[in-house]
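# Structure at a glance
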Amino acid sequence: MERRSDQPPGDGAAGAPSVARMYDFYVGGDHSHDPDREAASEALRALPGLDIAIRANRAFLRRAVRHAAERGITQFLDIGSGYLVDGPGNIHDVARRVSPDARVAYVELDPEGVAHNRAILGDDPAAVAVRGDFLKPHDVLADPDVRALLDFDQPLALTLAAVLHFIDDKDDPRGKVAELRDAMAPGSVLIVSHAYVRPDGTGTTSDAIRGVYQGFGSSLQNRGPAETGRFFDGFTLVEPGLTGMADWRPDEDTETDHPMTHSGVVGMGVKD
Ligand SMILES: C[S@@+](CC[C@H](N)C(=O)[O-])C[C@H]1O[C@@H](n2cnc3c(N)ncnc32)[C@H](O)[C@@H]1O
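Throughout what follows, the structure given in this document is the object of discussion. (Residues numbered from 1 in each chain as written. Predicted model: local features only at pLDDT ≥ 70, side-chain atom pairs only at ≥ 80, totals over all residues. Heavy atoms only, no water.)

Scanning the chain from terminus to terminus reveals ten helices and seven strands. Here the chain has a C-alpha radius of gyration of 17 Å; the compact-globule value for 272 residues is 19 Å, and the two agree. Principal-axis analysis of the C-alpha atoms places the extent of the chain at approximately 45 × 40 × 35 Å. Scored against the burial criterion, the 272 residues of the chain give a buried share of 56%. (Helix = DSSP H or I, 4+ residues; strand = E, 2+ residues; numbered from the N terminus. Rg over C-alpha atoms; globule rule 2.2 N^0.38 Å. Buried < 20%, exposed > 50% of the residue type's maximum accessible area, 1.4 Å probe, protein only.)

Listed below in structure tokens is the structure:
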């Protein structure tokens, strides 16, 4: 597996599994390559129910985006967007059901994912897909396409769904979130979902899974409510606070039967 020294792990470097394409495989997409499918299949063997947890994460993200839109948010900055789905269900689709003029900037590290997302968005004048790195918030905030679309003087929603657990503490994820927070207007919201193994052992960051991701150099962090809550410094959590994925404002469509749906730590905060 060839990886250039300037490429972070899991970003789709030639020949190596990509975190984005493995996720696409889990959710039934068709953008993965052999190394992605092999690593993802190994992860599914190591942790039956991983796909159920991933569906619960997507469902949380959609409920949270809808809730943000219902609170009047019309602009979204989604970092670690993965591969957009070919059909309704992306952030812009969900937000526009509430606010037809909602604008969304999708930021993703995996270049193939960015190209795919651009193709899905086509000539949508109110959505962009750019390549960017959460670890370089200054560059994301300075990206001309992001700046042309989003008005940072007005409230926006920053979504970090299933991305922070790939960032090691040594890379200062809290500092990066704080940098993004400081660029956001008061009343903006932060939406986070994070992998976590609950005290009963249910969750997606078991040693077996971590081994699969570490196998190609990707970190996989297990952060519980206390640690995940620290990403919300400067924000006030909205009810019901930090919960498992299916426990955050579930609706009649929320899958709650499988224990995996209750794993993870998710929440939304409003910037003070
Ligand atoms: C598990 S997927 C989540 C996709 C989507 N946010 C969701 O929740 O359905 C995580 C995504 O984060 C991306 N990612 C990982 N590290 C990143 C970074 N430093 N900057 C930007 N994206 C990153 C991966 O490439 C992958 O597409």
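From this point, things continue past the structure.
This brings us to helix α9 (residues 207-215). Every buried residue of α9 is listed here: Ile 209, Val 212 and Tyr 213. In an axial view of α9, the angular spread of the buried residues amounts to 90°, which keeps them on one side of the axis. Of the residues in α9, the exposed ones pointing more than 90 degrees away from the buried face are Asp 207 and Gly 215. Among the structural elements, α1 (19-26), α2 (34-46) and α3 (50-70) are those in contact with the buried residues of α9. (Arc of directions from axis to C-beta. Contact = heavy atoms within 4.5 Å.)

A few words on the site of the ligand. In the vicinity of the ligand lie 18 residues, with Arg 58, Gly 80, Glu 108, Asp 133 and Phe 134 positioned nearest. Here an oxygen atom of the ligand and a side-chain polar atom of Arg 58 are 2.7 Å apart. Within the backbone of Gly 80, an N or O atom sits 2.7 Å from a nitrogen atom of the ligand. Protein burial of the ligand: of its 600 Å² of free accessible surface, 96% is covered by the chains. (Near = heavy atom within 4 Å. Polar contact = N/O pair within 3.5 Å; in protein donor to acceptor, adjacent residues only side chain to side chain. Areas by Shrake-Rupley, 256 points an atom, 1.4 Å probe, with all protein chains shown as cover.)

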